[in-house]
Amino acid sequence: MPGLMCSKLFAMEATVLHKSIKSPEWWRTAVIYQIYPRSFADGNGDGIGDLVGTTARLESLKSLGIDAIWFSPFFKSPQKDAGYDVADYKTIDPLFGTNQDFDDLLAKAKSLELKIIVDLVPNHSSEEHELFKAALRAAPGSAEREMYVFRDGKGDNGELPPNNWESVFGGNAWTRITEPDGTLGQWYLHIFDSSQPDFNWENPKVHALFEDVLRFWLDKGVAGFRIDVAHGMVKEIGLPDVKVPVSQTVGKDRETEHPFWGQEGVHEIIRDWRKIVDEYDDRVMCAEAWVLPLSRMAKWVRPDEYHQTFNFGYLETGWNKEGLLKVVTDSLTEFGKVGAPSTWVLSNHDVIRHVSRYGLPGVPPQGDGIGPNSEQPDEAIGLRKGRAATAFMLGLPGSSYIYQGEELGLPEHTTLDGKYREDPTWFRTKGQRVGRDGCRVPLPWEAQGGASRGFSANGKSWLPQPDSYARYARDLQEGVAGSTLELYKRLIKVRKDHLLGAGEFKFSPDHSSDTTLAYINNDVLVLSNFGPDSVNLPAGKLLVTTQHDLTIEGVLENDQTVWLQI
Ligand code: TEU
Ligand code: CA
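Presented here is a report on the structure given in the accompanying data block.

Rules used in this analysis
- Residues numbered from 1 in each chain as written.
- Chains lettered and ligands numbered in written order.
- Predicted model: local features only at pLDDT ≥ 70, side-chain atom pairs only at ≥ 80, totals over all residues.
- Heavy atoms only, no water.
- Near = heavy atom within 4 Å.
- Polar contact = N/O pair within 3.5 Å; in protein donor to acceptor, adjacent residues only side chain to side chain.
- Areas by Shrake-Rupley, 256 points an atom, 1.4 Å probe, with all protein chains shown as cover.
- Nonpolar A, V, L, I, M, F, W, Y, C, P; charged D, E, K, R; others polar.
- Donors = N, O, S within 2.8 Å, 3.2 Å for Na, K, Ca; no water.
- Buried < 20%, exposed > 50% of the residue type's maximum accessible area, 1.4 Å probe, protein only.
- Helix = DSSP H or I, 4+ residues; strand = E, 2+ residues; numbered from the N terminus.
- Salt bridge = Lys/Arg side-chain N within 4 Å of Asp/Glu carboxyl O.
- 1 Å grid on protein atoms, 1.4 Å probe; cavity = no way out; pocket = protein on both sides within 12 Å on 5 of 7 lines; lining within 4 Å.
- Points joined across faces, edges and corners; volume = space filled by probe spheres on them.
- Pairing = 2+ DSSP bridges.
- Axes fitted to C-alpha atoms, helices over the stretch in contact; angles between N-to-C directions.
- Contact = heavy atoms within 4.5 Å.

## Points about the site of ligand 1
Okay, step 1: Surrounding ligand 1, one finds 19 residues, the nearest of these being Asp-81, His-124, Asp-228, His-349 and Asp-350.
Okay, step 2: Between ligand 1 and the protein, one listed contact pairs an oxygen atom with a side-chain N or O atom of Arg-226 at 2.9 Å.
Okay, step 3: A distance of 3.3 Å separates an oxygen atom of ligand 1 from a polar side-chain atom of Gln-366.
Okay, step 4: Bound to the protein, ligand 1 loses 99% of the 480 Å² it would expose on its own.
Okay, step 5: Class assignment of the residues belonging to the shell around ligand 1 gives a composition of seven nonpolar, five polar and seven charged.

Here you go:
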């Protein structure tokens, strides 16, 4: 992994990195499950997951032991970026159901004591948002245009984009419009797809728009928000050219300012939102802020800002002893300084599923994906390391995020035919980067459940499942000792029983070696073996092991993790 070259110098110490918390707020310790609505469960047989289908499957999440569910966007949208292009922030897209379906889902979730977090997308809207359509109809310089970022082009006739910014999905970040009178006119900014125009956060009306949206969902009773592109929104005044291409800016170590990531003004917005959220009881906001290093990311979770931020540094570390030692130490230290819990995450809808990442010698850049022509992951090795990595993660203090399907050990779909792809990255790079569809394939619920294995009653599925998903179907794992599903249930239960989310945490040099890493959280010793050989186990009562046969026989095999009560 890049960035870890000097990590050998990182010595392990038995200092307490996290003190135990007596009565933690729920979000400090929560296990939060991400639902990608279009791929979770289809209730009406059109091959796209929806709210009715999801509601019918909620018990399955209760039995997993999670505390809360974060839903990727299900708002009205032309679905050019799978719902991250919102046309109406207060209405459920008919594809997923109705606002009544959401209320029903929320009510059932409440009865099961599951909290619901929704996804807020404030950096941009869809091109089909009424405000953007009004901006296109209005004149340059009008109040309508001021809601977005319109500029005249450069060149003699405005034929060149206003600056050199590139879209995260590839190509130019500016698109030229045809004015209402039919002439070529101004350009609008879109850090993502051209169907996702960026809002103008210099405009107080944009602030008012989102404050209203926050209250709308808070009043409904959601537990909070995951905030999309939480390092975006505000742009440097004057929109200066970038010196570094965007491909080198997402999630990279950047102490320096960048004209469209991590501007100071972002923090003012967050503080305003925090005040609103604090008017309600125990609600929470989690930032999707791809900023590093962790000391910089911690700015997003200062006491009057977000409650949590996704720990992408952790996600990108991989199954790597030195790297995990360093990133866990840094995370607990840096988030601890601002009084925030660390989060832990290994997979989501934007990255290659972690079991598949671990089956490859090197990981493609975030967002590139794996296609039929790429080097293919080793499924068995990846799953083995993936389970061990999850067991390492779920013992850590703080809050953990789980992405739907990882509890089944689902691999990435790495041979998906281009004709099925929907990620704008695929289109904008003309297939050079296959994109993120491979981690978004509908879940297999029942091995004998037809062509989409129980995802949809009639076998339909917006993306086809790979054949291998038959082996991972949930019903084949339910109640089966040693299955990945039962492993996740056990980890989450023991984590709760031993209060690990709020526990006193330290690494344990005494139980670690050149090839193993051990930590102690409350009365639980977690030991992971990264080396090629089995190692002897220390004394202690077996609580969980990732070894399939569930026996330990005094040794821990390679690429396995064990939890012992000491
Ligand atoms: O992602 C924002 C983002 O910057 C990265 O996740 C990444 O650069 C992107 O996935 C491209 O590879 C969020 C959402 O999680 C993602 O699904 C959306 O496409 C994006 O915002 C735009 O709303
Ligand atoms: Ca459906």
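## Notes on the coordination of the calcium ion (ligand 2)
Okay, step 1: Each protein donor to the calcium ion (ligand 2) is listed here as Asp-42 (OD), Asn-44 (OD1), Asp-46 (OD), Ile-48 (O) and Asp-50 (OD); together their distances run 2.2 to 2.3 Å.
Okay, step 2: Looking at Asn-44, the relative accessible area reads 53%, which means it is exposed.

## Topic: unusual backbone geometry
Okay, step 1: The omega torsion of the bond from Leu-292 to Pro-293 falls at 0°, within 30 degrees of zero and hence cis.
Okay, step 2: For Pro-293, the location among the structural elements is in the loop between β11 (284-287) and α8 (294-297).
Okay, step 3: Within the chain, Val-229 stands out as a residue other than glycine whose phi angle is a positive 45°.
Okay, step 4: In this fold, Val-229 is placed in the loop between β10 (224-227) and α7 (265-278).
Okay, step 5: Relative accessible area serves as the criterion here: at 3%, Val-229 is assigned to the buried category.
Okay, step 6: Positioned with a positive phi, Lys-430 is a non-glycine residue whose angle comes to about 50°.
Okay, step 7: On the secondary structure map, Lys-430 appears in the loop between α13 (424-428) and α14 (469-472).

## Concerning the pattern of salt bridges
Okay, step 1: Evaluated as defined, the whole model comprises 36 salt bridges.
Okay, step 2: In this structure, Lys-80 and Glu-127 form a salt bridge, with 2.8 Å as the shortest nitrogen-oxygen distance. Residue Lys-80 is located in the loop between β4 (75-76) and β5 (88-92), and its partner Glu-127 is located in the loop between β6 (115-120) and α5 (130-137); the two are separated by 47 residues in the primary sequence.
Okay, step 3: Residue class for Glu-127 comes out partly exposed when judged on its relative accessible area of 24%.
Okay, step 4: Of the charged contacts, one joins Asp-103 and Lys-220 as a salt bridge, the two residues approaching to 2.9 Å between their closest N and O atoms. Of this pair, Asp-103 sits in helix α4 (residues 99-111) while Lys-220 sits in helix α6 (residues 204-220), and the two are 117 residues apart along the sequence.
Okay, step 5: Relative accessible area serves as the criterion here: at 24%, Lys-220 is assigned to the partly exposed category.
Okay, step 6: Through salt bridges with shared partners, a single ionic network connects Asp-81, Asp-350, Asp-423, Arg-436 and Arg-440.

## Examining the layout of surface pockets
Okay, step 1: Considered as a void within the structure, the second largest pocket measures approximately 310 Å³ in volume.
Okay, step 2: At the level of elements, α1 (26-29) and α16 (484-497) are the ones that each hand at least two residues to the lining of the second largest pocket.

## Some points on the sheet that holds strand β1 (residues 16-18)
Okay, step 1: Taken together, the six strands give an open sheet; going across it, the order is β1-β15-β16-β17-β21-β19, and neighbouring strands pair in antiparallel fashion. Each edge of the sheet is formed by a strand with only one pairing partner; in this case those strands are β1 and β19 (541-545). Strand after strand, the sheet turns through a mean of 25° between neighbouring axes, direction not considered.
Okay, step 2: Taken strand by strand, helix α10 (residues 321-337) contacts β1, β15 (505-507) and β16 (516-521), and its axis lies near 145° from that of β15.

## A closer look at the environment of Leu-360
Okay, step 1: Its place among the elements puts Leu-360 in the loop between α11 (354-357) and α12 (379-394).
Okay, step 2: A C-alpha to C-alpha distance of 7.8 Å links Leu-360 and Glu-375, two positions 15 residues apart in sequence.
Okay, step 3: Leaving out residues up to four positions away in the same chain, Leu-360 has contacts with Ile-370, Glu-375, Gln-376 and Pro-377.

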